[in-house]
Amino acid sequence: KRVRVERLLPKVLWELERRADQPDRRRKQERLAAIERERLLTEAERRARIVHAENVRAELLRAQHSRWREALELREYVGAMAEVIELRPDDADRVAAVEWRDWCREYVNASLDPLARRLELPEIREWTREERDTLVGSLFRQVQREEARARPST
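Numbering of residues starts from 1 in each chain and follows the order in which that chain's sequence is written. Where local features are concerned, this predicted model is filtered to residues with pLDDT of at least 70; where side-chain atom pairs are given and counted, the filter is 80 or more; whole-chain, interface and lining totals use all residues. Hydrogen atoms and water are omitted, and side-chain values are computed over all heavy atoms in the structure.

(A) Expanded view of a nonpolar patch on the surface. On the surface, a nonpolar cluster with roughly 440 Å² of combined accessible area is contributed by Leu 8, Leu 9, Val 12, Leu 13 and Leu 16. Turning to its location among the elements, Val 12 is positioned in helix α1 (residues 5-87). Note on Val 12: relative accessible area 43%, which makes it partly exposed. Each patch is built from salt-bridge-free residues with over 30% relative accessible area, joining like charges within 9 Å and nonpolar side chains (Val, Leu, Ile, Met, Phe, Trp, Tyr) within 5 Å. Here the open area of atoms and residues is found with the Shrake-Rupley method and a 1.4 Å probe, where only the protein chains shown may cover a residue. Here, a salt bridge means any side-chain nitrogen of Lys or Arg that lies within 4 Å of a carboxyl oxygen of Asp or Glu. Working definition: helices are DSSP H or I runs of at least four residues, strands are E runs of at least two. Numbering for both runs from the N terminus. Only protein chains enter the accessibility calculation, which uses a 1.4 Å probe; a residue is then buried when its area is under 20% of its type maximum, exposed when over 50%, and partly exposed in between.

(B) Expanded view of the environment of Cys 104. Assignment of secondary structure puts Cys 104 in helix α2 (residues 92-112). A relative accessible area of 9% means that Cys 104 is categorised as buried. Along the sequence, Cys 104 and Met 81 sit 23 residues apart, while their C-alpha atoms lie 9.9 Å from each other.

(C) Up close: helix α3 (residues 129-150). For a helix, the expected span equals 1.5 Å multiplied by the residue count minus one. With 22 residues, α3 ought to run about 32 Å at 1.5 Å a step, and its terminal C-alpha atoms sit 31 Å apart, in line with that. The complete set of buried residues in α3 reads Leu 135, Val 136, Gly 137, Leu 139, Phe 140 and Val 143. Where the residues of α3 are buried, they touch α1. Only heavy atoms enter the contact rule, under which two residues are in contact if any of them lie within 4.5 Å.

So this is what it looks like as structure tokens:
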């Protein structure tokens, strides 16, 4: 059979138009995907700042607890030291021992024990690049999963 060109012309033109629209559609989809990625990244960064602050606070709490425990143990030692000093005769050795005990007590009370200072929320230090990248990366994947679950199935 011979087909007339006039009959094929609409189909050919339609196909040309469809193929011409494909790059535009692809660019539009890429642009929308980039916008969505940026939105998800912004949300991940927001969450990462919160997690970082909580991590810093927990880190400082553990450090304070450790110093507090050490202060308790050292106070116990200084108390034992005081008992030994009481048994010594009043001489130069006792004076030196009292000076040492007093210094130890002052050090524990003023320098080591975190409860001797004002208790308040700590200032949050800046995060390192590694901390930021790790947190944002893991939270970005979490946000992506949440978004995927929230999208209606098609």
